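Here is how the chains run, residue by residue.
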Amino acid sequence: MSRRVGRFPSAPARAEFFEHYDRFEAQWPQRPESTDVATAFGSTRVYLHGRGDAAPLVLLPPMGGNGLCWYPLIGHLPTDRTVIAPDTIGTPGRTEQTAPVTGPAEFAAWLDEVLAALGVAKAHLMGYSDGAWHAALAVNGSARRLASVTFVDGSTPFTKLPWRMVLMFLRAGLRPTERNLRRLAEFAMPHRPPTELEVDLSRAAVGYRRTLPWPRVLTDKDLAAFDVPVLAVLGARSPVGKPLEARDRILAHVPDSRVEIIEDRTHDLLFHEPDVVMPLVLDFIRSHDPVV
């Protein structure tokens, strides 16, 4: 296998990760439907929740997350459309990458192929945290099947990370002890401390050799080329980014954009208070459903 694809460093590391990964299914009230679809970049694991005739909602998970990590949103997911939750290519999960994804064009092609395999002509895309960066990759790479894109507390396409956050990431990445991982989580998500299972999964995921493009601030020209409606929901007190600066860049450069800054909320706003965030997201995507 090419060294330019995401992979675990060893068979034991892979086995340890999937031991914890499989336990995540128990968090769901009922086992989510799953399927594996073939793409030019590898087999992609997709979880499906609900059914409906409206354009599906695709969820891209945060760093260390996967298609099973959305259980805190049970009860807040839409009932008029299917929710599609893939294990993102090039990240730890049951998606098996076989070809490199070196830039936005390849990432967009991967997403288009996943949606095509599922028979989806148009879908709304929502990325949370690192998933927001992946959503930006899809838009920047001209993904063809997007009806709208929502960024939930993902400022990295629009502003630099604060230095304190960079240092916290480096400490946890270089020494992924339970203490360092909990310190990182508690700093970024103070109202929703990680469960023991989430810490175990995060620690096992750290060794995964990621080959996706790392987050970077997009240029004004990149933002001006966004050709789908954009919603950004940001926590006013989030340490993962600079929400006011992100708001100003989005509104100044993204043609069809809306920004909601949630006062007194931090990076954990989606999982801590889904009753605040999800109504904004669902109203937005309903207003941009494709006309059949």
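For the structure, see preceding data.
Since this is a predicted model, take the numbers as computed values, not measurements.

## A closer look at the overall build of the protein
Stage number 1. Helix and strand content of the protein: ten helices and nine strands.
Stage number 2. Compactness check: the protein gives a C-alpha radius of gyration of 18 Å against a globular reference of 19 Å for 292 residues, within 12% of the reference.
Stage number 3. Along the first, second and third principal axes, the C-alpha set of the protein runs to 50 × 40 × 35 Å.
Stage number 4. Residue burial in the protein is summarised as follows: out of 292 residues, 54% are buried.
Stage number 5. Long-range contacts, defined here as pairs at least 24 residues apart, represent 78% of the contacts in the protein between residues at least 6 apart.
Stage number 6. When the accessible surface of the protein is split by element, carbon and sulfur atoms take 52% of a total near 12600 Å².
Stage number 7. A distance of 7 Å separates the average location of the 33 positive side-chain charges in the protein from that of its 34 negative side-chain charges.

## Quick notes on the packing of helix α4 (residues 163-174) against helix α5 (residues 178-188)
Stage number 1. The N-to-C vectors of α4 and α5 enclose an angle of 155 degrees; their axes lie 8 Å apart at closest approach. What the angle tells us is that α4 and α5 run roughly antiparallel. Handedness of the crossing formed by α4 with α5: left-handed. Between α4, through Arg164, Met165, Met168, Phe169, Arg171 and Ala172, and α5, the contact on the second element is made entirely by Asn180, Leu181, Arg183, Leu184, Phe187 and Ala188.
Stage number 2. Of the residues in the contact of α4 with α5, the class split is eight nonpolar, one polar and three charged.

## Considerations on helix α10 (residues 274-287)
Stage number 1. Across its 14 residues, α10 extends 19 Å between first and last C-alpha, which sits within 8% of the 20 Å expected from 1.5 Å per residue.
Stage number 2. Every buried residue of α10 is accounted for by Pro274, Val277, Met278, Leu280, Val281, Leu282, Phe284 and Ile285.

Parameters and conventions
Residues numbered from 1 in each chain as written. Predicted model: local features only at pLDDT ≥ 70, side-chain atom pairs only at ≥ 80, totals over all residues. Heavy atoms only, no water. Helix = DSSP H or I, 4+ residues; strand = E, 2+ residues; numbered from the N terminus. Rg over C-alpha atoms; globule rule 2.2 N^0.38 Å. Buried < 20%, exposed > 50% of the residue type's maximum accessible area, 1.4 Å probe, protein only. Contact = heavy atoms within 4.5 Å. Areas by Shrake-Rupley, 256 points an atom, 1.4 Å probe, with all protein chains shown as cover. Lys, Arg positive; Asp, Glu negative; His and termini not counted. Charge placed at Lys NZ, Arg CZ, Asp CG, Glu CD. Axes fitted to C-alpha atoms, helices over the stretch in contact; angles between N-to-C directions. Parallel < 35°, antiparallel > 145°, perpendicular 65-115°, else oblique. Left-handed = near helix turned anticlockwise from the far one by under 90°. Nonpolar A, V, L, I, M, F, W, Y, C, P; charged D, E, K, R; others polar. Expected span 1.5 Å × (residues − 1).

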